[in-house]
Amino acid sequence: MDWRKALFGGQILVGLALAVTPWLFGFVGETVPAWTAWATGAVMALSGVAALAWFAFAASWVALVAGVWSIVAPWLLTFSAQTAAMWSHVAAGALMAISAAAALWYEYQPRKTAQA
């Protein structure tokens, strides 16, 4: 189960990284991408915290939705022309969606039982 802790810890880091990208890449003055990064990053980080606090199944679904949202948000909210904002959202979203999908895949695998 240690890999799951690392996976969910990584989700926390990805969420926090997305939340600080407006300052790192200089799009704090752009309202829509900055607020999207802050809100989506917070949801991502909180889903990782919730997953570590024994709510892994539900939190993984939230993380998957947040990851997909982060990928498509630049085009739906029309800030895809802002390269730094767009790529930070896409990269964080891809990492989050992949990690959430891996966690969900593990949850849906049949458990092996010991045979005598």
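All figures in this text were calculated on a predicted structure; none of them were measured in a lab.

Conventions adopted
Residues numbered from 1 in each chain as written. Predicted model: local features only at pLDDT ≥ 70, side-chain atom pairs only at ≥ 80, totals over all residues. Heavy atoms only, no water. Phe/Tyr/Trp six-rings, centres within 6.5 Å; stacked < 30°, edge-to-face > 60°. Helix = DSSP H or I, 4+ residues; strand = E, 2+ residues; numbered from the N terminus. Buried < 20%, exposed > 50% of the residue type's maximum accessible area, 1.4 Å probe, protein only. Axes fitted to C-alpha atoms, helices over the stretch in contact; angles between N-to-C directions. Parallel < 35°, antiparallel > 145°, perpendicular 65-115°, else oblique. Left-handed = near helix turned anticlockwise from the far one by under 90°. Contact = heavy atoms within 4.5 Å.

(A) Seen up close, the packing of aromatic side chains. Considering all chains together, one arrives at three aromatic pairs under this definition. An angle of 35° between the planes, with centres 5.3 Å apart, marks the rings of Trp23 and Trp38 as tilted. Of the two residues, Trp23 is situated in helix H1 (residues 2-24) and Trp38 in helix H2 (residues 31-52); the sequence distance between them amounts to 15 residues. Its relative accessible area of 55% is what places Trp23 among the exposed residues. Measuring from centroid to centroid gives 5.7 Å for Phe57 and Tyr108, while their planes differ by 70°, and the two rings are edge-to-face. One end of the pair, Phe57, is in helix H3 (residues 56-76); the other, Tyr108, is in helix H4 (residues 83-108), and 51 residues separate them in sequence. For Phe57, a relative accessible area of 38% gives the class partly exposed.

(B) Structural detail: the packing of H2 against H4. For the pair H2 and H4, interaxial distance at closest approach is 11 Å and the crossing angle is 15°. Considering the angle they form, H2 stands roughly parallel to H4. For the pair H2 and H4, the sense of crossing is left-handed. Only Ala85, His89, Ala92, Gly93 and Met96 of H4 make contact with H2, whose side of the interface consists of Pro33, Thr36, Ala37 and Met44.

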